[in-house]
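# Reading the structure
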Amino acid sequence: MDYRAAFQISATGMATEKLRLDVTTLNLANMHAAGASADQVYRPQRVVTQALGFGAQFGRLAGAVGVRSFVVAQDAAPRLAHEPGHPYADARGMVAYPGVDQVAEMVNLNTALRAYEANVAAMNAARTMAARTLDIGGQA
Amino acid sequence: MSFIDPATVGMLSTALDATALRHKAIAQNIANVNTPGYQRIGVSFEARLGALRDMVRSGATPSLASLRDVRPALELLGAPGETVALDMEMAALSENTLQQQALLKVLNKHLAILSTAINEGKR
């Protein structure tokens, strides 16, 4: 049995969770970046995932396996704050900030971290299995 | 009973294939733990061993030909969109790894017996 697929699956999982972490960090970093107008403000990004390699050909894992991820911009309404002295303030003294949901981002951060760890554990298990398989017929 | 029993090695290889496939299924479930609408996959293998088990219980030695139908296969588990329980997957992962190591131990013992027979009992 081919162990490369097992490593590939865990690697795509780790890449996805790392991307999720990056995107969450990006959202948090831009949380207070005001935009010159409401439509120029930073839009929070979100990672969307899709399972690969199973479903179409039922009964076996085929082709690329694991998980595929995309980054999409969220359609979150900007947060408006009344700051008349701000250089980006409009006629009514309102400034547009990105509609980043801080609580959701923190939850995403922790979920991504734990999921990454789970993928690392799966990859370590695959490594152990492959290493033990190499010992078949050795002096046990 | 013959020492050179091809069915033992054949059965152990098939069971090892099942653990390798099951590892892939569990890794796939873990990689997709946050994928919306994902349906878990698993491996059906033990359930296919019924006929073989009856054969062994009645005292017969399974032949290589009887192993042909016993292949591990992937199957869908649960419902689409059902949450993947990370703790259950991790438990299944370690159980599967331990099972693989137990199977490898048995295979090594079997090969050691063959080696003893070949060397006429000498070390």
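Shown above is the structure to which this text applies.
Please read these numbers as outputs of a predicted model, since none were measured by experiment.

### A closer look at the interface of chain A and chain B
Contact with chain A, which involves 40 residues of that partner, is made by 30 residues of chain B. Roughly 2,800 Å² is buried in total at the junction of chain A and chain B, and carbon and sulfur atoms are behind 68% of that figure. In this structure, the connection of chain A to chain B is made through 0 salt bridges. Taken together, chain A and chain B are joined by 9 residue pairs in polar contact (both at pLDDT 80 or more). Among the elements that make up the side of chain A that touches chain B, the one with the highest residue count is helix H2 (residues 102–133) of chain A (13 residues). Its residues assigned to classes, the side of chain A that touches chain B comprises 21 nonpolar, 12 polar and 7 charged.

### Overview of a nonpolar patch on the surface
Residues and elements named next belong to chain A. A contiguous nonpolar patch, built from Val48, Phe70 and Val72 and spanning about 210 Å² of accessible area, is present on the exposed surface. Along the chain, the position of Val48 falls in strand E1 (residues 45–52). On the accessibility criterion, Val48 (34% relative accessible area) is partly exposed.

Rules and cut-offs
- Residues numbered from 1 in each chain as written.
- Chains lettered and ligands numbered in written order.
- Predicted model: local features only at pLDDT ≥ 70, side-chain atom pairs only at ≥ 80, totals over all residues.
- Heavy atoms only, no water.
- Contact = heavy atoms within 4.5 Å.
- Buried area = accessible area lost by both parts, 1.4 Å probe.
- Salt bridge = Lys/Arg side-chain N within 4 Å of Asp/Glu carboxyl O.
- Polar contact = N/O pair within 3.5 Å; in protein donor to acceptor, adjacent residues only side chain to side chain.
- Helix = DSSP H or I, 4+ residues; strand = E, 2+ residues; numbered from the N terminus.
- Nonpolar A, V, L, I, M, F, W, Y, C, P; charged D, E, K, R; others polar.
- Patch = residues over 30% accessible without salt bridge, like charges linked within 9 Å, V, L, I, M, F, W, Y side chains within 5 Å.
- Areas by Shrake-Rupley, 256 points an atom, 1.4 Å probe, with all protein chains shown as cover.
- Buried < 20%, exposed > 50% of the residue type's maximum accessible area, 1.4 Å probe, protein only.

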